[in-house]
Amino acid sequence: MNAATIRDGYNFAYLDEQTKRMIRRALLKAIAIPGYQVPFGGREMPMPYGWGTGGIQLTAAVIGQDDVLKVIDQGADDTTNAVSIRTFFKDLTGVKTTEKTREATLIQTRHRIPEVPLQADQILIYQVPIPEPLRFIEPSEVETRKMHALEDYGVMHVKLYEDIARYGSIATTYAYPVRVNGRYIMDPSPIPKFDNPKMDRIPALQLFGAGREKRIYAVPPYTEVLSLDFLDHPFEIQRWDETCAICGSDHSFLDEVIMDDQGTRSYICSDTDYCSQRVQQEAVA
Amino acid sequence: MISQEPLLQVKNLTKLYAPEKGCEAIDFELYPGEVLGIVGESGSGKSTLLNCLSGRLIPTAGEICYRNRDNQWLNLYALSEFERRRLLRTEWGMVHQHARDGLRMGVSAGANIGERLMAVGERHYGDIRARGLQWMQDVELDIHRIDDKPTTYSGGMQQRLQIARNLVTHPRLVFMDEPTGGLDVSVQARLLDLLRNLVTHLDLAVVIVTHDLAVARLLAERLVVMRHGHIVESGLTDQVLDDPQQPYTQLLVSSVLTP
Ligand SMILES: Nc1ncnc2c1ncn2[C@@H]1O[C@H](COP(=O)(O)OP(=O)(O)OP(=O)(O)O)[C@@H](O)[C@H]1O
Ligand SMILES: [Mg+2]
Ligand SMILES: [Zn+2]
């Protein structure tokens, strides 16, 4: 271990080895049962829950010295949250960090999946606020666990039915529920539904950590992830009439931003790395 | 009328909370299309028995066997909970006394009716909605209120909605616990009328709990009379009510006749 680069008096990646082993055991179980929520003895981290301690604990449990870490928040590498988490791991592991999706071996994220397709040697770690997709209709944990066990999932479509009855289409745009491997209904965390298809049968491993509720779940590589829908109201992703004001992309997830003091509105890629890569390629070409 | 094999066989069924509190050593059979009334004073064990019958309360002894659509006999409590829940939302129905126990109060009437369809894999919104509208009509609810929540419905309308929600998957057997309890007399009469028509048209078998002997007379072909958790008398409704054999039944009947 390259002790020189780690802050004095701390273990590699903050957590003690026993805690890491406990989390890894829970992770193995989660990977073995795709979409199933595994309880784990979550630890307090030196930051508030809103910062995504679930994801941070998973990253701490799987990170090794050869890893290259990328941290994004809403698609961006430069938000306070992303910078703090990246600095935290840099301080306490000494690993290389990057903003480039292709270079990263570990990507910790909140609210987005990178636009660049993920590869077999990459792990995507999601920060999850509320892991239970059935919570909206059933407040009791005992009952939701039973509903999962018995595949009693009629209520999920009740929710979509209500959307269509009220708005004419499925209005859910974030945390859009999915069915994993034809079995468990899973909350994909508050990513836009635009990102849902990126979870389906990809080569990368996807891990989900909920700190406050102490739950871990996972989607192993090449696992089917289907968004719930109706035959006559099929699942659709968000689309924009605009293109990115910076790179011109007509196919990435766009954020609306105010560009100047006059309040001019514009659209730019939410994935900042993707956007700047495109600009660079443009410059080279 | 009743010549076939039974639909339900109840043998030595027991669920006691304390001596004589609950139900004990209950035996009876129910035939396809038959309406059986369970009557008795408050606390006699009617709801306990109904909850055991309808798969919601595990009995301490005895068994309940049900002959399903494929003509197989199923031992209710030998089934896995998965299979039991499936039976409950396909071949069976349950109408509760309190609508809030039988409806999802937070979602629209249409979603309430459609839920069982979606639970068994129906995935066409237009079909689900069309069947919701049809059932609203069949139970005489205003179809323009399909997107309203049941909280905005009157008590009688909520019971109609509960009935529609259950019948949408065409169950063969429906359990009802005091379905007209707490309703105004005129509302009650209309609901009973509707229930009677539905039962006849759909050839439904029904087990209905009531302490109102007038309701029992109107709906049930056969009655069992419960006291202290036991069946003390059973027979054709007219026989039991007009010519009760047991002293307890005589008391029960006379207390209705002398208000
Ligand atoms: N969960 C329970 N725990 C303990 N005792 C119970 C429980 N449920 C019912 N009992 C008792 O069992 C007896 C039968 O109750 P049950 O609800 O079956 O009566 P009932 O005939 O349906 O009465 P009512 O007409 O008032 O609804 C009562 O003495 C009741 O207090
Ligand atoms: Mg009762
Ligand atoms: Zn861009």
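Predicted model only: the values in this text are computed from it and were never measured.

Within the secondary structure, K20(A) is located in helix α1 (residues 17-32). Ignoring sequence-local partners within four residues, the contact set of K20(A) consists of N11(A), F12(A), A13(A), L15(A), A60(A) and A61(A).

A few words on the packing of helix α6 (residues 155-167) of chain B against helix α7 (residues 185-202) of chain B. All names here are of chain B. Contact geometry of α6 with α7 gives a least axis separation of 10 Å together with a crossing angle of 15°. Considered as vectors, α6 and α7 are oriented roughly parallel to each other. Note on packing geometry: the crossing formed by α6 with α7 is right-handed. Where α6 abuts α7, its residues G156, Q159, R160, I163 and L167 lie against V187, R190, L191, L194, L195, L198 and L202. When its residues are assigned to classes, the contact of α6 with α7 shows 8 nonpolar, 2 polar and 2 charged.

The next thing to look at is the nonpolar core. Judged by nonpolar contacts, the single largest core of 66 residues is most densely connected at Y161(A), F230(A), W135(B), V139(B) and I163(B). Broken down by element, the residue count for this core peaks at 7 residues, all from helix α5 (residues 154-167) of chain A. With residues up to four places along the chain from it excluded, the contact list for V139(B) reads R160(B), I163(B), A164(B), L194(B) and L198(B). Counting 32 residues, the second-largest nonpolar core is a separate cluster that includes I6(A), L58(A), L69(A) and I125(A).

Residue and element names in this part refer to chain B. Taken together, the neighbourhood of ligand 1 is formed by Y17, K21, G22, E41, S42, G43, S44, G45, K46, S47 and T48. At 3.3 Å from an oxygen atom of ligand 1 is found a main-chain nitrogen or oxygen belonging to S44. Take T48: an N or O atom from its side chain is 2.5 Å from an oxygen atom of ligand 1. Protein contacts shield 59% of the accessible area of ligand 1, which totals 640 Å² for the unbound molecule. Elements with a minimum of two residues in the shell around ligand 1: β2 (21-30) and α1 (46-53). Element by element, the count of residues in the shell around ligand 1 is highest for α1, at 3 residues. Of the residues assigned to the shell around ligand 1, the class counts are 1 nonpolar, 7 polar and 3 charged.

Conventions we followed
- Residues numbered from 1 in each chain as written.
- Chains lettered and ligands numbered in written order.
- Predicted model: local features only at pLDDT ≥ 70, side-chain atom pairs only at ≥ 80, totals over all residues.
- Heavy atoms only, no water.
- Helix = DSSP H or I, 4+ residues; strand = E, 2+ residues; numbered from the N terminus.
- Contact = heavy atoms within 4.5 Å.
- Axes fitted to C-alpha atoms, helices over the stretch in contact; angles between N-to-C directions.
- Parallel < 35°, antiparallel > 145°, perpendicular 65-115°, else oblique.
- Left-handed = near helix turned anticlockwise from the far one by under 90°.
- Nonpolar A, V, L, I, M, F, W, Y, C, P; charged D, E, K, R; others polar.
- Core = buried A, V, L, I, M, F, W, Y, C linked by side-chain atoms within 4.5 Å.
- Buried < 20%, exposed > 50% of the residue type's maximum accessible area, 1.4 Å probe, protein only.
- Near = heavy atom within 4 Å.
- Polar contact = N/O pair within 3.5 Å; in protein donor to acceptor, adjacent residues only side chain to side chain.
- Areas by Shrake-Rupley, 256 points an atom, 1.4 Å probe, with all protein chains shown as cover.

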